[in-house]
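# Structure at a glance
So you can see what is in the structure, the chains are spelled out below.
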Amino acid sequence: MRLVSGIQPSGNITLGNYLGAIKQYIKLQEELKEAEIFIFIADLHALTVPQERQALQKSIKSLAALYLASGLERDRVNLFIQSEIPAHSQLGYIMESTVYVPELQRMTQYKDKIAKQKEGIKASLLTYPALMAADILLYNADLVPIGDDQKQHLELTRTLAERFNNTYGNTFVVPKGYFPKTGARIMSLTEPTKKMSKSEENPKGTIYLLDPINQSKNKIRSAVTDSDTKIYYDKKNKPGISNLLDIYSALKGSSIKELEKQYQNSSYRELKEDLANLLEVVITPIQEKYFQIINSKELTETLNIGKERASLIASRTIAKVYRKLGILR
Ligand code: AMP
Ligand code: TRP
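What you see is a predicted model; the values in this text were computed from it and never measured. (Residues numbered from 1 in each chain as written. Chains lettered and ligands numbered in written order. Predicted model: local features only at pLDDT ≥ 70, side-chain atom pairs only at ≥ 80, totals over all residues. Heavy atoms only, no water.)

## Brief notes about the site of ligand 1
Around ligand 1 lies a shell of 17 residues, among which Gly 147, Asp 149, Ile 186, Met 196 and Lys 198 are the nearest. Asp 149 is positioned such that a nitrogen or oxygen atom in its side chain is 2.4 Å from an oxygen atom of ligand 1. At 2.8 Å, a backbone N or O of Met 196 approaches a nitrogen atom of ligand 1. The protein chains hide 93% of the 480 Å² of surface that ligand 1 would expose on its own. A total of four residues in the shell around ligand 1 trace back to one element, the largest contributor, which is helix 1 (residues 15-31). Per-class residue counts for the shell around ligand 1 are six nonpolar, seven polar and four charged. (Near = heavy atom within 4 Å. Polar contact = N/O pair within 3.5 Å; in protein donor to acceptor, adjacent residues only side chain to side chain. Areas by Shrake-Rupley, 256 points an atom, 1.4 Å probe, with all protein chains shown as cover. Helix = DSSP H or I, 4+ residues; strand = E, 2+ residues; numbered from the N terminus. Nonpolar A, V, L, I, M, F, W, Y, C, P; charged D, E, K, R; others polar.)

## Some words on the nonpolar core
One finds Leu 15, Tyr 67 and Leu 251 to be the most contacted residues of the largest nonpolar core, which totals 64 residues. Top element by residues in this core is helix 11 (residues 268-293). It accounts for eleven residues. When residues are assigned to domains, this core turns out to be shared by domain 1 (2-179 + 296-325) and domain 2 (203-291), each giving three or more. Counting 39 residues, the second-largest nonpolar core is a separate cluster that includes Ala 130, Ile 136, Leu 137 and Ala 141. (Core = buried A, V, L, I, M, F, W, Y, C linked by side-chain atoms within 4.5 Å. Buried < 20%, exposed > 50% of the residue type's maximum accessible area, 1.4 Å probe, protein only. Domains from an automatic or database assignment.)

## Observations concerning the site of ligand 2
Among the 13 residues in the neighbourhood of ligand 2, the closest are listed as Gln 8, Tyr 128, Met 132, Asp 135 and Gln 150. Note that an oxygen atom of ligand 2 is positioned 3.1 Å from one of the side-chain N or O atoms of Gln 8. Here ligand 2 has 370 Å² of accessible area as a free molecule, and 91% of this is covered by the chains. At the level of elements, strand 1 (2-7) and helix 6 (123-137) are the ones that each hand at least two residues to the shell around ligand 2. The element that contributes the greatest number of residues to the shell around ligand 2 is helix 6, accounting for four residues. Partitioning the shell around ligand 2 into residue classes produces seven nonpolar, five polar and one charged.

## A look at the pattern of salt bridges
Across all of its chains, the model carries 14 salt bridges by this definition. A salt bridge links Glu 31 to Lys 27; the nearest nitrogen and oxygen atoms lie 3.9 Å apart. Placement of the pair is Glu 31 and Lys 27 together in helix 1, with a separation of four residues, close to one helical turn. Among the residues examined, Lys 27 registers a relative accessible area of 29% and is labelled partly exposed. Arg 163 serves as the salt-bridge partner of Glu 103, at 2.6 Å between the closest nitrogen and oxygen. (Salt bridge = Lys/Arg side-chain N within 4 Å of Asp/Glu carboxyl O.)

## Some details on the domain arrangement of the chain
In terms of domains, the chain is made up of domain 1 (2-179 + 296-325) and domain 2 (203-291). Summarising the inter-unit geometry, the C-alpha centres of domain 1 and domain 2 are found 29 Å apart. Every contact between the two is made by 13 residues of domain 1 and, on the other side, 13 residues of domain 2. Across the interface of domain 1 and domain 2, roughly 1200 Å² is buried in total on both sides, 74% from carbon and sulfur atoms. Put simply, domain 1 and domain 2 have zero salt bridges between them. (Contact = heavy atoms within 4.5 Å. Buried area = accessible area lost by both parts, 1.4 Å probe.)

## Side note on the packing of aromatic side chains
Describing an aromatic ring pair means giving the distance of the ring centres and the angle of the ring planes. According to the stated counting rule, one finds nine aromatic pairs in the structure shown. Note on Phe 38 and Phe 80: the rings are 6.4 Å apart at their centroids and 80° apart in plane angle, and the pair reads as edge-to-face. Of this pair, Phe 38 sits in strand 2 (residues 36-41) while Phe 80 sits in strand 3 (residues 77-81), and the two are 42 residues apart along the sequence. Overall, Phe 38 belongs to the buried group, its relative accessible area being 0%. With relative accessibility at 0%, the residue Phe 80 sits in the buried group. (Phe/Tyr/Trp six-rings, centres within 6.5 Å; stacked < 30°, edge-to-face > 60°.)

## A short note on the pairing of strand 2
By the criterion of burial, strand 2 is predominantly enclosed, with five of the six residues buried. Following the backbone out of strand 1, through helix 1 and into the adjacent parallel strand 2, one traces a crossover that is right-handed. With five bridges joining them, strand 2 and strand 3 adopt parallel strand pairing. When the bridges of strand 3 are listed, Phe 40 appears paired with Phe 80. Between strand 2 and its parallel partner strand 3, the chain crosses via helix 2 (residues 53-70), and the hand of that crossover is right-handed. (Right-handed = clockwise from strand over helix to strand, strands pointing away. Pairing = 2+ DSSP bridges.)

Below is the structure:
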């Protein structure tokens, strides 16, 4: 059993990344004792939009430290940087030669991004899912923990694996997605119908894992709600309160039903105050660990070991793929 996932180091890591992705990695690390786990920093994916050199370098290292600070164990997980394994780019190209252009143009994330951007759209923004498929198929992953927004990219990965297998004979494992029960889609605190995202223009809507905790608690306190007073889950009519309940449930591990019951006679203010305190309890130890790790030898060593293991598996896969394609002397 193999598990693969990654996060882009574009900007600061959000509570959405933590609850939708990182927390799931930790859970699976504990539950699937036999699984081999590959978690990486998807730095090449960050190049689909302009990046500032120094900021990118800092974000790469910061994300690596955050993975460890959040509880990924260096003995259990192969932690590595995507760009350090050239096979990602190599198989990415093969996947570009497997996917059809309309399949890429149909991706919701692509459509959303070009609608916002209009100018200076890079070809890699379109071909991004081909590289993502390569990231996964290189390791013959069975399971890919991701948030809901990546579902479509994973479906495409499955299609490409099957297409390649049908044409060239069985080569790739067709991976399955693993989606969190709660926290799969954390919404913006200011616009609760929009995803909480790293690239948010309004920073009040997004909680960044490494921000001073009081700032984050205040963002919870000023989260947009509605003019009703009752606390219950209703995504359509009460997106703000539902989002707070989602965050609460994902942080605490209690069900939405339990929370509805617990808060049936409480005010919005009480819910927000409790959630702000819960956030502090969860995030403070992660931040403390982060600052211990960020400049440590441990971090460098972990990335070196991860790179070695990932390299071994990835280079075997790419050799096999080239052979199947007839790219041989
Ligand atoms: P990205 O920030 O696009 O690199 O996403 C990295 C991982 O975090 C992916 O598995 C996403 O599905 C997950 N993720 C990002 N934003 C959210 C969100 N608002 N809610 C839940 N999961 C998220
Ligand atoms: N595309 C993912 C995102 O933006 C990040 C990612 C890149 C990824 N390659 C991956 C996630 C492979 C899982 C597996 O969220």
